[in-house]
Amino acid sequence: MTDAPSCFDEMLAADGSVRAAYSDYSDWYHRQDPGLMRRKGQEAETFFRKTGITFNVYGDDAGEERLLPFDMIPRIITAGEWRKLVKGIEQRVRALNAFLHDIYHRQEIIRAGRVPESLISKNAAFLPQMMGMIPPGGVYTHIVGIDLVRTGPDEFMVLEDNARTPSGVSYMLENRETMMAMFPELFTAMDVRPVQDYPRRLAESLAACAPSCAGGNSDGRPVVAVLTPGIYNSAYFEHAFLADQMGAELVEGSDLRVVDGRVAMRTTRGFEPIDVLYRRVDDDYLDPLSFNPSSRLGVPGIMDIYRAGKITIANAPGTGIADDNAIYSFMPAIVEFYTGEKPLLANVPTWRCSEADSLAYVLDNLAELVVKEVHGSGGYGMLIGPTSSKKEITAFAAKLRARPDNYIAQPTLALSTVPILAKAGLAPRHVDLRPFVLVSPDGIQITPGGLTRVALKQGSLVVNSSQGGGTKDTWVLAD
Amino acid sequence: MLGRTANGVFWMGRYLERAENTSRLIEAGFRMALTRDLVTSQEEWRSVVSTVGHTKQYELYNATYTGVQVWNFLLRDRNNPGSVLAMIEGARTAARAVRTALTREVWEAVNESWMVIGEALARPVREAALGQVLALIRRQAMLVRGAVDGSMLRSENFNFFRIGTFIERGDNTARILDVKYYVLLPSLAWVGSRLDNVQWESVLRSVSGERAYRWLNAGSIDPRGIAEFLLLDQRFPRSLNFCLDNLRSNLASLAHQYGHESSAHEVLRGVSSRFHQSSIETIFEAGLHQFIQEFIARNRQVAQAIEHDYRFYA
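Here the residue index of a chain counts from 1 through its sequence in written order. The naming scheme follows written order: chains are lettered A onward, ligands numbered 1 onward. In view of the model being predicted, local features appear only for residues whose pLDDT reaches at least 70, and side-chain atom pairs are presented and counted only at 80 or more, with totals across whole chains, interfaces and linings using the full set of residues. The side-chain values count all of the structure's non-hydrogen atoms but skip hydrogen atoms and water molecules.

**Some thoughts on the overall build of chain B**
Stated precisely, the cut-off is as follows: Each helix corresponds to a stretch of at least 4 residues labelled H or I by DSSP, and each strand to a stretch of at least 2 residues labelled E; elements are numbered beginning at the N terminus. C-alpha atoms define the radius of gyration in this analysis, and the globule rule sets the expected value at 2.2 Å times the number of residues to the power 0.38. Each residue gets one of three labels from its accessible area relative to the maximum for its type: buried under 20%, exposed over 50%, partly exposed in between, using a 1.4 Å probe on protein chains only. Between two residues, a contact is recorded if the distance between any of their heavy atoms is within 4.5 Å. Values of accessible area rely on a 1.4 Å probe in the Shrake-Rupley scheme; residue burial ignores everything except the protein chains shown.
Along its length, chain B carries 16 helices and zero strands. Here the C-alpha atoms of chain B give a radius of gyration of 19 Å, agreeing with the 20 Å that 2.2 N^0.38 yields for 314 residues. Projected onto the principal axes, the alpha-carbon positions of chain B cover approximately 55 × 50 × 35 Å. Burial analysis of chain B (314 residues in total) assigns 57% to the buried set. For chain B, restricting intrachain contacts to residue pairs at least 6 apart in sequence, the fraction spanning at least 24 positions comes to 69%. Just so you have it, chain B exposes about 13,200 Å², and 53% of that area is on carbon and sulfur atoms.

Given below as structure tokens:
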């Protein structure tokens, strides 16, 4: 796909002048030796390999580990821009939690006719086991990632909500570490807001949601553990990283068992109860007695303990009902319903192919649209009209006609660009942004910045790591 | 600490130790083979394979015992589950699974070892490169041990790593002795030919003990002295007694942290008291081979008791 000529570059204005956010950085950059900058890039790669910051790619050679490509040019956001984003994100996250509470209790929003009943009850992400239950602390989504795209100076839109188990925060942290190691002078000269306290805040936030029976260990603090599917999971590095940074145990299903009405881990001294489980295992695998019976990644019986209020599961089971692509198109109405305010962050216009008029429009305009599966993620199973051949579009149209309910469509957005360091110097590439949000009874915290994903191929709009995207350090400037 | 984590740290220690010992063993075999004719050098390589206990597996895939076949089998053959490559991969997988129990330095040392040794063993190792490859393996294992020693909290994690290391080391030294014990027997040693001197030296060399032994014994080589050195010397870091001492102190540290002993302590006391009552004379009288066999069996019992007591498995 060729760049839309109108697409917004975050560093350079149309007349070639440097935007305010980048002015200090640009001055610094132009004083650097280009050869040295490139060598620093290689240093960074060696550093990532040595520290084992890798992810596994499914479907490739078993156990193959890849680096997530890292680009050294930071993505910079001004204090003013960030303030606005924070307000919009907080509002959205409050609405997500209120929606989840409502869906699993009285379902007022359905009664009010704002969200169709069938979209909930027939949705695989809806868990009837959660009906009528209030999670400890009253929080459903403890950790949320809101994917944002930018199309203009003041135009940020939500592309996707991640309310299940958003990943990528370890890259946010390691990217910053790498940048500080490579360019310490930049951080002396510029006032960049820190991100490093994320693990501590995460630990506090999780502990604040502990069940009332917590605090049984010697120092009276709740016992927090991170549940990973294991070393072959694509995000294993992140699971280990977060557990390590929080000083929590990193557990697998085989370490856990229900003992005396609690979920407990097998330690060298015997079984010890866990108060808060930050699980990085999907709902379906969490409890073979309640969900997928063949799962060996979860804990048999954990849902009974959970319903009895003896453990906190973060995020709560069943939160997927809030970030499903089919629900996404209703988010403006959801935000308004629960907050009584107009949404501060816009949605990307979305056609629901389940509706006849929309389907007709989408079929007529496939060549210009992006079509996504309702329950898909990671950039798999989607059609990007402008980059697809006639044959691909015809084939996709057939799939669409056969199961219209399974798809939504969106216009192809002119995503903003940020420069990367290419062979010939700075070159613009499309980006998105995933800020990380923590929710506890004490409030909502948003780490300034987040994970900027960048499409490394010229003109490409797909930033997913599974599709050849990379990452950047994201700077929010202090006031 | 999770039982699975204790298990992982324990095996990380064992795998690294075994990789290092295998490389020493190859080095000793290689040196010896250089001083021999083709037939006796094949015998030498056969005994190297038998020391690591993979004769059956080796003979499934190889008809002869040439040096290049043996060292490639021991270093990198996918048909050899105990190859150095498999050990390094095992150590790294274990380290990755217990990442949170290790310091960054230790993890990076293990990860780097896996990268550079994997690279060095990606293709068959030629004779001209063998020395370098073996040195690299030893150096990387020492790097990890150094990182453990210099950066890890003296808690259970550290103890389980050390216990794995010394269980494995004791087993390895005992196996070397067991395959070569006949050259240390007085009746044969009587021959005193140059060839036997080379054999004894080879035993010492495979545990990096030749310089220490010469220094302690002012250069004179005698089989009884070598046996005593490898079995009973408490100063030499690869002797059986030294390994037992370290097991004892690490188990004692666990008992201190846990507030009680486990069955492993009892089993270990049995082995230790046997050692304290033995002199090299009584060992030779009762039979060197038998003594070593008994040690290997008891050492394994200690490992099993630890696995059980500290809930390594579900």
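The structure having been displayed, the exposition proceeds.
**Considering the domain arrangement of chain B**
Quite often, the size of an interface is put as the accessible area lost when its parts meet. All names here are of chain B. Cut-off, in case you're wondering: The split into domains, and so the bounds of each, comes from an automatic or database assignment of domains. Once two parts are put together, the accessible area they lose, assessed with a 1.4 Å probe and summed over both, is termed the buried area. What counts as a salt bridge is simple: a side-chain nitrogen of Lys or Arg found within 4 Å of a carboxyl oxygen of Asp or Glu. Throughout this description, a polar contact denotes any pair of N or O atoms lying within 3.5 Å of each other; where both atoms belong to protein, one of them has to be capable of donating a hydrogen while the other can accept it, and for residues adjacent in sequence the pair is counted only when both atoms sit in side chains.
For chain B, the domain assignment lists domain 1 (1-152) and domain 2 (154-314). A separation of 20 Å is found between the C-alpha centroids of domain 1 and domain 2. Roughly 3,100 Å² of surface becomes buried between domain 1 and domain 2 when both sides are summed, with 58% attributable to carbon and sulfur atoms. When the buried area of domain 1 at its contact with domain 2 is split by residue, Met-1, Phe-10 and Arg-24 rank highest and sum to 19% of it. Run the count over domain 1 and domain 2 and you get six salt bridges. We note a salt bridge from Glu-168 to Arg-18, for which the minimum N-O separation is 2.6 Å. Summed over the shared surface of domain 1 and domain 2, the result is 11 residue pairs in polar contact (both at pLDDT 80 or more). For the side of domain 1 that touches domain 2, the secondary structure elements donating two or more residues are α1 (3-34), α2 (38-52) and α7 (127-151). With 20 residues, α1 is the single largest residue contributor to the side of domain 1 that touches domain 2.

**Here's the deal with the sheet that holds strand β11 (residues 276-279) of chain A**
Residues and elements named next belong to chain A. Put simply, the rule reads: Only when DSSP finds a minimum of two bridges between them are two strands counted as paired. Fitted lines through C-alpha atoms give the axes, limited to the stretch in contact for helices. The angle between two N-to-C directions lies from 0 to 180 degrees.
Taken in spatial order, the four strands make up an open sheet running β7-β6-β11-β12, and their pairing is parallel. One side of each edge strand has no neighbouring strand; the edge strands of this open sheet are β7 (249-251) and β12 (312-314). On average, adjacent strands in this sheet sit at an angle of 25° to one another, irrespective of strand direction. Where β11 meets β12, three bridges bridge the pair, whose relative direction is parallel. Counterpart to Leu-277 in the pairing with β12 is Ile-313.

**Structural notes on the interface of chain B and chain A**
What counts, and what does not: Residue type decides the class: Asp, Glu, Lys and Arg count as charged, Ala, Val, Leu, Ile, Met, Phe, Trp, Tyr, Cys and Pro as nonpolar, and the leftover types, Gly among them, as polar.
Taken together, the contact pairs 28 residues of chain B with 27 residues of chain A. Of the roughly 2,400 Å² buried where chain B meets chain A, counting both sides, 46% is carbon and sulfur surface. Our count for the contact surface shared by chain B and chain A stands at three salt bridges. Asp-255 of chain A is the partner of Arg-4 of chain B in a salt bridge, and the nearest nitrogen-oxygen pair spans 2.6 Å. Our enumeration of links across chain B and chain A arrives at 14 residue pairs in polar contact (both at pLDDT 80 or more). Elements with a contribution of two residues or more to the side of chain B that touches chain A: α1, α5 (84-97), α6 (104-120), α8 (156-184) and α13 (240-258) of chain B. Looking at the side of chain B that touches chain A, the element that brings in the most residues is α6 of chain B, giving six residues. By residue class, the composition of the side of chain B that touches chain A is 13 nonpolar, five polar and 10 charged.

**Brief notes about the nonpolar core**
For clarity, the cut-off: To form a nonpolar core, buried Ala, Val, Leu, Ile, Met, Phe, Trp, Tyr and Cys residues must be joined to one another through side-chain atoms within 4.5 Å.
If you look at the biggest cluster of nonpolar residues, it comprises 95 residues, and the most contacted ones within it are Met-12, Trp-45, Leu-75, Phe-160, Leu-230, Leu-231 and Ile-306 of chain B. Element by element, the count of residues in this core is highest for α1 of chain B, at 11 residues. Counting the residues that make up this core, at least three belong to each of domain 1 (1-152) and domain 2 (154-314) of chain B. In contact with Phe-160 of chain B, not counting residues within four places along its chain, are Thr-268 of chain A together with Met-1, Ala-6, Val-9, Phe-10, Leu-254, Tyr-258, Ile-306, Tyr-310 and Phe-312 of chain B.

**Concerning the packing of α1 of chain B against α5 of chain B**
Residue and element names in this part refer to chain B. Quick note on the threshold: Each angle is binned into one of four classes, with values under 35 degrees roughly parallel, values over 145 roughly antiparallel, values of 65 to 115 roughly perpendicular, and all other values oblique. The sense of a crossing depends on the near helix, which, turned anticlockwise from the far helix by less than a right angle, makes the crossing left-handed and, turned clockwise, makes it right-handed.
Look at α1 against α5: their axes get within 8 Å of each other, and the N-to-C directions meet at 155°. The orientation of α1 with respect to α5, classified from their angle, is roughly antiparallel. Here α1 and α5 pass one another in a crossing that is left-handed. Where α1 abuts α5, its residues Arg-4, Gly-8, Met-12, Tyr-15, Leu-16, Arg-18, Ala-19 and Thr-22 lie against Val-84, Met-87, Ile-88, Gly-90, Ala-91, Ala-94, Ala-95 and Ala-97.

**So, unusual backbone geometry**
With the exception of glycine, most residues fall at negative phi, and the peptide bonds are largely trans. Following Ala-314 of chain A, the chain continues to Asn-315 of chain A via a peptide bond in cis, the omega torsion being -10°. For Ser-208 of chain B, which is not glycine, the phi torsion reads 55° and is therefore positive. Relative to the assigned elements, Ser-208 of chain B resides in the loop between α10 (194-205) and α11 (210-216). The backbone of Arg-311 of chain B sits at a positive phi, close to 55°, despite the residue not being glycine. Looking at the element boundaries, Arg-311 of chain B is found in the segment after α16 (288-309). Judged by its relative accessible area of 32%, Arg-311 of chain B falls in the partly exposed class.

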